Amino acid sequence: MLRAAARSQAALLLCTVWGYSEATRFYVVPDVLVGWIALHGIRRGALASLWATAGAVLGGFAVHAEGRARRARLTEIPGISQAMVEDASAKLTRDGWWALLRGPLDGIPYKVYAAEAGARQLPAGDLVAWTVPARLWRFLAVALGAGAVGVVFRDRVRTREGAWLAGYLVFWAVTYARYFARLDRTYGRAAPDE
């Protein structure tokens, strides 16, 4: 049943919605769903990456359009502090759009760069053009990694779906715990009530 859901058209549509939501306000990355889909098929995971990227493009465009107003509200989102927003601003000034590509490595959410670009009135077309590689490389990396695990453990994934889902969710819970701890060390407390 879980396999059928992961391989459904609805799952791909959900990737787009999740990509949009995470690019605008949600703080859990679409990689979670992309990876689960890829665990059940590498090609399907690659397709999920494209759908999530499409959602991110739409979300980035929406954030950009709100410009300064959106930038002012970023710290309401869990995991985003004023220090992070200032760091992203400095990196965008120093590195230009390349900062957007490095965002995942730096732990800076895409929405921070999209809001900064809008606040600076940088061309929306440039943001859209840079969004595709900036989001797609990470989604594909997750899809390929999860897909490889799915190939190696194909029979176990199919026969023990519930256990694999539980383990997968624990993996992401640990990943997020480490991510928020890293943010706290790098930028100080990053909570919505700052």
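Scroll up a little and you will see the structure.
This write-up is about the structure you can find in this document. (Residues numbered from 1 in each chain as written. Predicted model: local features only at pLDDT ≥ 70, side-chain atom pairs only at ≥ 80, totals over all residues. Heavy atoms only, no water.)

Describing the overall build of the protein
So, step 1. Of regular secondary structure, the protein possesses 10 helices and zero strands.
So, step 2. From first element to last, N terminus to C terminus, the protein shows the α and β order α-α-α-α-α-α-α-α-α-α.
So, step 3. Taking 16 Å as the expected radius of gyration for a compact globule of 194 residues, we find that the protein reaches 17 Å, a close match to that expectation.
So, step 4. With the C-alpha coordinates aligned to their principal axes, the bounding extent of the protein is approximately 50 × 35 × 25 Å.
So, step 5. Residues counted as buried form 46% of the 194 residues belonging to the protein.
So, step 6. For the protein, the proportion of contacts with a sequence separation of at least 24, taken over those separated by at least 6, is 79%.
So, step 7. Of the accessible surface of the protein, which amounts to about 9,600 Å², a share of 64% is contributed by carbon and sulfur atoms. (Helix = DSSP H or I, 4+ residues; strand = E, 2+ residues; numbered from the N terminus. Rg over C-alpha atoms; globule rule 2.2 N^0.38 Å. Buried < 20%, exposed > 50% of the residue type's maximum accessible area, 1.4 Å probe, protein only. Contact = heavy atoms within 4.5 Å. Areas by Shrake-Rupley, 256 points an atom, 1.4 Å probe, with all protein chains shown as cover.)

Examining a nonpolar patch on the surface
So, step 1. Side chains of Leu13, Leu14 and Val17 sit close together on the surface and give an oily, nonpolar patch of about 260 Å² of accessible area.
So, step 2. In this fold, Leu14 is placed in helix 2 (residues 9-24).
So, step 3. Exposure remark for Leu14: the relative accessible area of 42% places this residue in the partly exposed category. (Patch = residues over 30% accessible without salt bridge, like charges linked within 9 Å, V, L, I, M, F, W, Y side chains within 5 Å. Salt bridge = Lys/Arg side-chain N within 4 Å of Asp/Glu carboxyl O.)

Notes on the pattern of salt bridges
So, step 1. Inspection of every chain in the model, using the stated rule, returns 12 salt bridges.
So, step 2. Here Arg73 ties to Glu66 by a salt bridge, and the two come within 3.0 Å at their closest N and O atoms.
So, step 3. Residues Glu116 and Arg71 are paired through a salt bridge, measuring 2.3 Å at the closest nitrogen-oxygen approach. Here Glu116, found in helix 7 (residues 110-119), pairs with Arg71, found in helix 4 (residues 42-73); they are 45 residues apart in sequence, far enough to count as distant.
So, step 4. Since its relative accessible area comes to 4%, Glu116 is described here as buried.
So, step 5. Here the salt bridges do not stand alone but share partners, grouping Asp87, Lys91, Arg102 and Asp106 into one network.

Describing the packing of aromatic side chains
The relation between two aromatic rings is expressed through the spacing of the ring centres and the mutual angle of the planes.
So, step 1. Taken as a whole, this structure holds 11 aromatic pairs when the rule is applied.
So, step 2. On the numbers, 6.4 Å between centres and 70° between planes, the contact of Tyr168 with Trp172 is edge-to-face. With Tyr168 and Trp172 both in helix 10 (residues 161-187) and four residues apart, the pair spans about one turn of that helix. In terms of burial, Tyr168 and Trp172 fall into one category: buried.
So, step 3. Pairing Tyr179 with Phe180 gives two aromatic rings, centres 5.4 Å apart and planes at 70°, and the pair type is edge-to-face.
So, step 4. Pairwise contacts between aromatic rings join Trp36, Tyr168, Phe171, Trp172, Tyr176, Tyr179 and Phe180 into one cluster. (Phe/Tyr/Trp six-rings, centres within 6.5 Å; stacked < 30°, edge-to-face > 60°.)

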